[in-house]
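One-letter residues, chain by chain:
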Amino acid sequence: MPLQVGTLVGQIAKLQGCRVVGIAGGEEKCEHLVKELGFDAAVDYKKKNILTAVRRAAPGGVDCYFDNVGGNISNGVMMNMNMYGRIAVCGAITGYNDTKPVLYPAIQPTMVAFQLKMEGFFV
């Protein structure tokens, strides 16, 4: 299975002692994250409500989120962020192929409520 940016980020986080929860599409990909790459848990966004699934996988909340997806998946993760959490935004693949604009929930109330820091960058 090819390594994507998020899988590398997760492995680096594990090396730094973090609890790592990956999000992937499909049971096989989720098993790969846990069994082969050593993630602590994985959420299948195709089968589960992201908000609830992340809450179960990270009951203590999320301190750091590497986001290269955007949309409803990112919104579900951000609703589970801890106060002063940090978000690294590397992409928003959810909308890359949209032919017309799609409205997603506003993130600003969550950003303010949890005093989050978000920063974008290119890889």
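Structure: see above.
Below is a short write-up of the structure.

Rules used in this analysis
- Residues numbered from 1 in each chain as written.
- Predicted model: local features only at pLDDT ≥ 70, side-chain atom pairs only at ≥ 80, totals over all residues.
- Heavy atoms only, no water.
- 1 Å grid on protein atoms, 1.4 Å probe; cavity = no way out; pocket = protein on both sides within 12 Å on 5 of 7 lines; lining within 4 Å.
- Points joined across faces, edges and corners; volume = space filled by probe spheres on them.
- Helix = DSSP H or I, 4+ residues; strand = E, 2+ residues; numbered from the N terminus.
- Nonpolar A, V, L, I, M, F, W, Y, C, P; charged D, E, K, R; others polar.

**Points about the layout of surface pockets**
Part 1 of the reasoning: Of the volumes computed, that of the largest pocket is approximately 1500 Å³.
Part 2 of the reasoning: Along the wall of the largest pocket there are 49 residues; nearest its centre are Gly6, Val21, Gly22, Ile23 and Phe66.
Part 3 of the reasoning: Counting only elements with at least two residues in the lining of the largest pocket, the list comes to helix 1 (5-15), strand 1 (21-24), helix 2 (27-36), helix 3 (50-57), strand 3 (62-67), helix 4 (71-78), strand 4 (81-89) and strand 5 (117-120).
Part 4 of the reasoning: Across the lining of the largest pocket, the residue classes tally to 29 nonpolar, 12 polar and 8 charged.
Part 5 of the reasoning: As for the second largest pocket, its lining consists of 15 residues, and the residues nearest its centre are Gly70, Gly71, Ser74, Met78 and Ile107.
Part 6 of the reasoning: No other element matches the 4 residues that helix 4 contributes to the lining of the second largest pocket.
Part 7 of the reasoning: In terms of residue class, the lining of the second largest pocket is built from 7 nonpolar, 7 polar and 1 charged.

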